[in-house]
Amino acid sequence: EDQVTQSPEALRLQEGESSSLNCSYTVSGLRGLFWYRQDPGKGPEFLFTLYSAGEEKEKERLKATLTKKESFLHITAPKPEDSATYLCAVQDSGGGADGLTFGKGTHLIIQP
Amino acid sequence: DSGVTQTPKHLITATGQRVTLRCSPRSGDLSVYWYQQSLDQGLQFLIQYYNGEERAKGNILERFSAQQFPDLHSELNLSSLELGDSALYFCASSGEGGNGNTIYFGEGSWLTVV
């Protein structure tokens, strides 16, 4: 069974204070690892897909990296508008299912 | 805007009742997924349809059912509702069966069972 564990559960940073969110995963075969951002009461908003170890992707102040067992979402010089819950999910290459298995998320608060 | 449309946005109903949630996927996407999000469980995969056929089942209760119609829109039917069914229900869609492609989520339908 696929498993995704995110840490920390919650993180409070000052504006401009860089940090990283962790996503550890167990999957029989990784088809893709996804990062989403979710604001309260809204649907998850797609950020990145990573496919293989060593891959990195960047978008504004966010950079996602992938190893064989975990992924990191690095946030550089965050702003208050980066406050949200960040979700990590894996897509298994086995079987016919394409659905994602999600972690419980990291609730990020950026204080001005 | 992800392009995935869900209705209704909010729904309040009584225990024992039945409701239907509707989803229109992004234009051209063949796969539709349904997820349930509650405070303690996070996002849970319920079911996937691909081009009208059921492709995969997750943690979907027997009281719940779904279908995808020829125009690719999908409906999630929830019956004999219980208080514990109160949650946000998300629809998502992807192209080519989600084979590594991005899965886009709608804004959700908030169900409250009283």
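Residues numbered from 1 in each chain as written. Chains lettered and ligands numbered in written order. Predicted model: local features only at pLDDT ≥ 70, side-chain atom pairs only at ≥ 80, totals over all residues. Heavy atoms only, no water.

(A) Here's a closer look at the environment of B:A87. One can find B:A87 in strand β9 (residues 87-94). Counting along the chain gives 28 residues from B:A87 to B:N59, while the straight-line C-alpha distance between them is 14 Å. (Helix = DSSP H or I, 4+ residues; strand = E, 2+ residues; numbered from the N terminus.)

(B) Main features of the pairing of strand β3 (residues 19-26) of chain A. All names here are of chain A. Relative to β3, strand β1 (residues 3-7) is paired through five bridges, and the arrangement is antiparallel. Bridge pairing in β3 links Q3 to T26. Direction of pairing for β3 relative to strand β8 (residues 70-75): antiparallel, over a ladder of six bridges. Note on β8: the bridge partner recorded for L21 is L73. (Pairing = 2+ DSSP bridges.)

(C) Region of the structure containing the nonpolar core. All names here are of chain A. By size, the foremost hydrophobic cluster in this structure holds 23 residues, and its most contacted members are L33, W35, L73 and Y86. Where this core is concerned, the elements lending two or more residues are β2 (10-14), β3, β4 (30-38), β5 (45-50), β7 (62-66), β8, β9 (84-92) and β11 (106-111). Here this core takes four residues from β9, the largest share from any one element. Residue contacts for L33: discarding those within four places in its chain leaves C23, Y25, F48, T49, L50, L66, S71, C88, A89 and V90. (Core = buried A, V, L, I, M, F, W, Y, C linked by side-chain atoms within 4.5 Å. Buried < 20%, exposed > 50% of the residue type's maximum accessible area, 1.4 Å probe, protein only. Contact = heavy atoms within 4.5 Å.)

(D) Here's a closer look at the pairing of β9(B). Residue and element names in this part refer to chain B. Taking burial as the measure, the eight residues of β9 include eight buried ones, the bulk of the element. Where strand β4 (residues 31-38) lies against β9, seven bridges are found, and the strand directions are antiparallel. From the neighbouring strand, Q37 faces β9, where its bridge partner is L88. Judged from the three bridges that link them, β9 and strand β11 (residues 109-113) form a sheet pairing that is antiparallel.

(E) Broad picture of the layout of surface pockets. There is about 680 Å³ of room inside the largest pocket. As for the largest pocket, its lining consists of 28 residues, of which A:Q38, A:T85, B:Q37, B:S38 and B:L39 are closest to the centre. Taken together, the elements giving at least two residues each to the lining of the largest pocket come down to β1, β9 and β11 of chain A together with β4, β5 (42-50), β9 and β11 of chain B. Here the lining of the largest pocket takes three residues from β1(A), the largest share from any one element. Taken together, the residues of the lining of the largest pocket sort by class into nine nonpolar, 14 polar and five charged. (1 Å grid on protein atoms, 1.4 Å probe; cavity = no way out; pocket = protein on both sides within 12 Å on 5 of 7 lines; lining within 4 Å. Points joined across faces, edges and corners; volume = space filled by probe spheres on them. Nonpolar A, V, L, I, M, F, W, Y, C, P; charged D, E, K, R; others polar.)

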